[in-house]
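# Reading the structure
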Amino acid sequence: MDSIRKILPFLKKYWVGITIALLAMFVMSMTDLLVPRQLQTIIDEGIANDDIGIVIRSSLLMIGLALGSMVLAFVNTILAARISEGFAADLREKAFANIQTFSFANLNKLQTSELLVRLTSDINIVKSSVMMTVRMLFRVPLLLVGSLIMLISTSPKLALLLLFLLPAILVLVGILSTKARPLFRKVQEKLEKVNNVLHENIAGVRLVRAFVRSDHEQKRFQAVNEDLTQTSTKVHRLMSTLMPSMILVLNLGVVALLWFGGNMVIDGALTTGQIVAFVNYLHMIIFPILMLGMILPQYYAAMASMDRVMEVIETKPTVVYPEESSKHITEGRVTFENVSLDYDGEEDEHVPVLQGINFTANPGEMVAILGATGSGKTSLISLIPRFYDPTQGRVLIDGVDVREISQSELRRNIAVTLQNAILFSGTVAENIRFGRPEASDEEVIAAAKAAQAHDFIMEKENGYQAAVGQRGMNFSGGQKQRLAIARALCVNPRILILDDSTSSVDVETEAEIQIALEELMEGRTSFVVAQRISTVLRADKIIVLMNGRIAAEGTHAELIESSLIYQAIYHSQLGEGILNYNENHIEEKRYA
Amino acid sequence: MRRGLSVDQRASSAQKPVKGLKRLLSYLKPYRLELIVVFILIIVSSILNILGPYMLGLTIDNGLVKQDWDELLRMVLILLGNYLLMWLLDIIYRRIMTSTAQKSMRNMRQSLFDHMQKLSIGYYDKQTAGDLMSRLTNDMDAITRLLSLNIMFFISSISTLIGILVMMFLLNWILTLVALIIIPLTLLATTFFLKRSRPAYQELQKSLGQLNSLMEEDLSGQKVIIAHGKQGGSLEEFKTYNESVQDTGIKANVLAGLMPPITGILSILNVIVVVGVGAYMLIQGVGGVTVGLIASFSEYTRRFGHPINQIANLFNSVMAALAGAERIFEIIDAEPDVVDRPDAIPLDTLKGEVRFEHVHFGYDEELPVLKDINFVAKPGKTMALVGPTGAGKTTIINLLTRFYDIDSGKILIDGHRIKDVKQDDLRRKLGIVLQDTFLFADTVMENIRYGRLDATDDEVIEAAKLANADDFIIRLPEGYETELSERGSNLSQGQRQLLAIARAILADPAILILDEATSSVDTRTEVEIQKALLTLMEGRTSFVIAHRLSTIRDADQILVINEGELIERGTHDELLEKKGFYYNLYVSQFKGLPVEV
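What you see is a predicted model, and the numbers here were worked out from it, not measured in a lab.

Thresholds applied
- Residues numbered from 1 in each chain as written.
- Chains lettered and ligands numbered in written order.
- Predicted model: local features only at pLDDT ≥ 70, side-chain atom pairs only at ≥ 80, totals over all residues.
- Heavy atoms only, no water.
- Helix = DSSP H or I, 4+ residues; strand = E, 2+ residues; numbered from the N terminus.
- Buried < 20%, exposed > 50% of the residue type's maximum accessible area, 1.4 Å probe, protein only.
- Contact = heavy atoms within 4.5 Å.
- Areas by Shrake-Rupley, 256 points an atom, 1.4 Å probe, with all protein chains shown as cover.
- Core = buried A, V, L, I, M, F, W, Y, C linked by side-chain atoms within 4.5 Å.
- Pairing = 2+ DSSP bridges.
- Axes fitted to C-alpha atoms, helices over the stretch in contact; angles between N-to-C directions.
- Salt bridge = Lys/Arg side-chain N within 4 Å of Asp/Glu carboxyl O.
- Phe/Tyr/Trp six-rings, centres within 6.5 Å; stacked < 30°, edge-to-face > 60°.
- Lys NZ or Arg CZ within 6 Å of the ring centre and 35° of its normal.

## Quick notes on the overall build of chain B
Scanning chain B for helices and strands turns up 20 helices and 10 strands. Here chain B holds 597 residues, and 61% of them are scored as buried. At a minimum sequence separation of 6, the contacts of chain B that also span at least 24 residues come to 77%. A total of about 23,300 Å² of accessible surface is found on chain B, and carbon and sulfur atoms cover 58% of it.

## Remarks on the overall build of chain A
Of regular secondary structure, chain A possesses 22 helices and 14 strands. Going through the 592 residues of chain A one by one, you find that 61% of them count as buried. For chain A, restricting intrachain contacts to residue pairs at least 6 apart in sequence, the fraction spanning at least 24 positions comes to 76%.

## Structural notes on the nonpolar core
Residues Phe 336 and Phe 527 of chain A together with Phe 543 of chain B are the most contacted members of the largest nonpolar core, which totals 270 residues. It is helix α12 (residues 272–314) of chain A that provides the largest number of residues to this core, a total of 23 residues. Ignoring anything within four residues of it in the chain, the contact list for Phe 543 of chain B reads Val 354, Phe 375, Ala 377, Met 383, Leu 385, Ile 397, Leu 400, Ile 511, Leu 512, Ile 513 and Leu 514 of chain B. Counting residues in hydrophobic clusters, the runner-up holds 48 residues, among them Ala 415, Ala 451, Cys 490 and Ile 542 of chain A.

## Observations concerning the sheet that holds strand β1 (residues 354–361) of chain B
All names here are of chain B. Strand order in the open sheet formed by 4 strands is β2-β1-β4-β5, and the pairing between neighbours is antiparallel. Pairing within the sheet leaves two strands with one partner each, and these edge strands are β2 (370–377) and β5 (416–417). Note that strand β4 (residues 408–413) and β5 share 2 bridges and pair antiparallel. Of the residues in β5, the one forming a bridge with Leu 412 is Arg 417. Against the sheet, helix α11 (residues 393–400) engages β1, β2 and β4, with an angle of about 110° to β1.

## Some thoughts on the pattern of salt bridges
In the structure shown here, the tally under the stated rule is 36 salt bridges over all chains. Linking Glu 217 of chain A and Arg 220 of chain A is a salt bridge whose minimum nitrogen-to-oxygen distance equals 2.9 Å. With Glu 217 of chain A and Arg 220 of chain A both in helix α10 (residues 214–240), this residue pair falls 3 residues apart, about one helical turn. Look at Glu 217 of chain A and you get buried, because its relative accessible area is 0%. One salt bridge in this structure joins Arg 540 of chain B and Asp 508 of chain B, with 2.6 Å as the shortest N-O distance. Highlighted residues: Arg 540 of chain B in the loop between α17 (523–537) and β8 (541–545) and Asp 508 of chain B in the loop between α16 (493–507) and β7 (511–515), separated in sequence by 32 residues.

## Quick word on the packing of aromatic side chains
As enumerated under the stated definition, the model contains 14 aromatic pairs over all chains in all. Between Phe 192 of chain B and Phe 193 of chain B, the ring centres sit 5.5 Å apart and the planes meet at 85°, which makes this aromatic pair edge-to-face. When its relative accessible area of 45% is taken as the criterion, Phe 192 of chain B is described as partly exposed. Each ring, one from Phe 356 of chain B and one from Phe 375 of chain B, has its centre 4.7 Å from the other, and the planes form 15°; the classification is stacked. Separated by 19 residues along the polypeptide, Phe 356 of chain B in strand β1 and Phe 375 of chain B in strand β2 bring together distant segments of the chain. As far as the burial class goes, Phe 356 of chain B and Phe 375 of chain B line up, both buried. Every member of this aromatic cluster is reached through a ring pair, and the members are Phe 104, Phe 387 and Tyr 388 of chain A. Directly above the aromatic system of Phe 192 of chain B lies the positively charged group of Arg 196 of chain B, at a separation of 4.1 Å from the ring centroid.

## With respect to the pairing of β8 of chain B
All names here are of chain B. With 5 of its 5 residues buried, β8 lies for the most part within the structure. Side-chain alternation along β8 places Thr 541, Phe 543 and Ile 545 on one buried face and Ser 542 and Val 544 on a second face that is also buried. Bridging between strand β3 (residues 382–386) and β8 involves 4 bridges; their strand directions are parallel. Along β8, the bridge assignment pairs Leu 385 with Ile 545. Sheet topology note: the β7/β8 ladder contains 5 bridges and is parallel. In the strand pairing of β8, Ile 513 is matched with Phe 543.

Okay, here's the thing in C-alpha cells:
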C-alpha cells in the first residue's frame, strides 16, 4: 500500500472535487439501490393487490430517482475527468521539473527513451486508474454495502449465508494481486526496451542505412517486441481469470439462495417477492464485482507504474548547487587544487579519470588543453562550471570553491560549448540568445559575427529569423558549431570554455574566430580544448594532459624547448616528421 | 521558442471512421480461427447466462409457488451446472482473446517498424523524433485498449443481446417490443456524442505528440540546457504544452464520460416502462402475464440494458483508438522517396570508379546546394573534398549513398547509374564514417562488429588495432565487453570516432567515405590513424572530407568546393601553383606561426 501513500499527496489539491464526486456517487448508489425496492413494491403491493395507483406512484418515483442519478453521474464524470487529467499533468510536471535538477551523471544513468516512457506511458496508466477510481471505485463498495444492507433487512437469516461469499472473493483478489504487480512492472520494463530500439533507429537512421543493417535491426526489434508480447500476455491472462471467478462465486450464492430461500418460502417464512428482490440485489452485487474485476488489474498496473514515476521524481541530483550564495565571480581566476576525478563504472568501480591536477588560469589568459583521446580533457573542463564534482581536491574561482557558488552565478559567468553542438528548434536568433534571453539584437549579431556565423546566417532566407530544424538538421556541422560558439559568446561570460568546438570548421575560419575571440575575451579567461597547433600557439598557457595527469605546462616557446611530448605533437602537425611516441621510450624517426 | 513544430501537423485524414476501423481490425485477420472459437464460446456462455433468469423464473413458478420440493432441487442443480460451465468457458475464451489481441498488437508494432526501415532519410528529417515515438507509444496504447478489452465486450454484448431478445420474444412479444424502444433512443444519443468525441480525441493525440516532441528534444539536449542554466525556461515551455494535453484530455474524457449515464438512465426508464406495462397487462388480465413473468422480464430488461450500455461506451473507445490509428496509418501510408527501380540490378564486385556528371541538387527545390558538379574518381584513388562548411561536401556524400536522389545529372559507379542499382547493394559497398558518430547501447565489441556482422572476435580486434582504438579499449573497465551507454556517451568524442573508424575498417568496403572523421581526434592519434588509413585506402577509392590540410595533402586529387560549385581540382602541388582558393586556404594555416618552415 506504499504506492497509495505516494499518490495521496498529488491528489490532495483535488480534495474538494473528490469529495463532491464521492457524495454524488454515494447518492447515486442509494438511488440505484432503491430501484429494486420499487420493483418489489410494484410487484408485491401494486400487482398483487390490483392497485394501479401504487404501480404508477412507484414508477414515477423510480423515474425521479433515475433522473437524479443521471445528473449526479454527469457531475461525477466531469469531476473525474478534471481530477485525473489535472493529476496527470501535475505528475508530469513534477517529474520533468526534477529532471531539470539532474546533473550530467544522473543523465548518464537514466536515458532519454527510459525517461520518455515513464513520463508518458506510466503516467497514463496511473491516470486511468485515478479516473476509474473516482468514477467507479466509490460506487463499488457503496453498492456492495448498500446491497448488503438491503439483503440483510430483507432477511437476516439468508444474508448470513451470503457473508461466506465475501471472504472467498477477497482470497481470490489477494492471490492475484501478489502475482500481478511485479508482472506489470516487468511489462513496463520491456516496453522501455522496445522504445529504446525504436529511438535508436529513429535518431540513428543514417547509420542503419549506411551499413545496410535494416534486416539486423528488424530482428533486434522482433526480439524485444516478442519479449514484451509474452510478458503482456502472461499478465493479462492472469487478470482474465479474475472476473469469471468472482462471478462464479456470486452465482454459487444465487444457487444457495434459491435452495435455502426456497425452503423458507415453502415453509412460509419468506415471500416470493422477497426472493425476487433478494435475487435482484444479488445481481446488483454482480455489477460492482464485475467492475472490481475490471478495475483491479488496472490498479495493479498503476501501482507498478507509480513506482517507476516516483523513481524519476525522487532521484536526487548528484550535484546540488547552493540555493543562494553571496559568492560572486568577479575576475575569473580559475585554480585547480589537487583535483582528482573518478568515473563511476558498473558495480561500484571507480575508474580514475583525473589525478592530482594543479594549475591556475589567471583572468585574461587563454589556456589550451592538449592531450590524447581519453586523457581527461573534457572531464577537466567539466569541473569548472561544476557539471561534476571532483572526487578529491577543489576547484576554485576567484578563490572561492565552486561548490559555494550558486548555479545562476556560475551559468551567468561561465559559458561552455560542449563537444556535440546541439541546437534546438526555433529561430537562429533564439538559439543564439539561449543562454541569455535578454540579450539585445545587436549583441546577438555581434556574437554571431565573432563566431564567423553572421555571413552564412544572412545567406539564409530569413536571416536571424530563419528556422532551425530539429537538432539543427538544416545546418552543416561547421555551421552548427559556429552557432554554438555564438550562443556561448552571447552570454558575455567571464570564463569561456570551448571543448573541441571547431573540429568541423576550416582552418581559415577558425583563425578568424580566434582573432575575434582575442578581442572579445580581453581581460577574461578562456579554456580551449585544442587540436590544432595554430590554436595552441596563441595560448598564454598550454596544458598537456596524459592519462589524467598534467604532463607539461607552459607557453609554446617554453614547451618547444623543454617538453618532448609537446615537440612530438607540434612536429606531427606540421608534417616535418613523424615521431614515434611511446610513453616510456621515445624514438625519433624522420621521413626522407 | 516555437517548439516541436518542425513538421506541419497535417490535418487528419478525412477517412471515414468505418474505413479506419476496418483497417484496424484487419490486423486480427490472421487469427480468424481463434476469433471464431472465441465467438462460439462467448455465444454459448451468453446463452447459459441468459438461461439463468429463465430458470430462475421457472424455479419460482414451479418450485416455490407450487411448493414442489423435488422440482426445486432439480432446478437448483441444473442452475449450478449452468454456472460452472459458464465459468469454464469464460476463462477459456478470455485466455484465447488475450493472446490474440497481444499478438495482433505485436504484429502491428512490427509492421510499423519494418515499414519505417523502408522510408527514406528525407522522411525522418522532416519529422521530430518525439512525434514519431509518440505514435508508436501513445497512439498504440489507445489501440491496445480497444483490441484487448473492448472487442470481447462487444462480442459478448451482441450475443447476450440477441440471446436475451430471443428469450423475451418467446415469453411475450408485446413486452419485448416495448423493451426495444430503447435501441433507437440509444443510437440517437450515441451519434450525438460520437460526432463530438472523435475530433476531441484527435486533438488529444495531437497535443500528446507535440508534448512528446518537446520532451524528446529537451531530454536529448539536456546537457546543453544544463550548461546554459536554462532549466527554468525548459520547464516553462513544458508547462504550456502540458497544459494543452490537460485541456484536450479533459474535453475528450468528459465527452466520453457523459455517455454512460445517459445510456444508463435510458436503461432504467426502459425497465420501468416494461414493468409498468406488464403490471397493467396483468391487472387487466391481458396477454397471459403472470407475476413470475414480470419478475423474469424485469430481470431480462435489466440485463438488456447492460450490453446496450457497453456497446454505446465501446464507441468512445473506438473513437480514441481511431484517432491513434490514423496517426499510425500516416506512417504506414508514407512512401519512400528513394526507391529501387523494379529492374534494379545487383552490384557485384566493384572496381570503384565514381563519376559525377552535371549533378544538380537541392534539399529544397528552390535552394540548390550543388550546381553542375562534374568529376571522376578513378578506382583506388583518394579524393579529398575541401571547402568552407556549408559548401556542399556532405551533400555530395548524401547523394553518393543515395540518402537523397539528385535533381538532375548522373552519378555513376563503375559505369552504372546508382539509380539503377539496389540501394542495399550500393551501401554495402560503401564504407562510411559520418560526422555524427552514432553508437548503440551495446558492448564495444558489438558496436565494432556492426560493420560486418559475421566477423569473428579476432577480426574485430584486428580492425580495432588498425584504427588505434585497441589501446584505449583494453584500458576500459571491461575491455571489449564494456557496455556503452546511449549513443556512447561514456566515451570521449575522440574515442567514439576511433570506434567508428574501426567499424568502417571491419566493413572492408570498396569505396571509403570519411566525413570529417579524423578532425575530432587529437593530433597524435590522428597520425596513427592516418598511417592505418593509408594502408586501408590502398586500392580503394576514398573520399575524404577534412579541413586539416595535413590530412588531405597526400590525396591523389583535391576537389575544391565552394558555394555548391567545384571550383578547383588537382594535386596539392598543382593547386598551390595556381595560387587560387586552395592556395589561400593552405597559406592561412600558417597564419601567425613563427617562421620556421
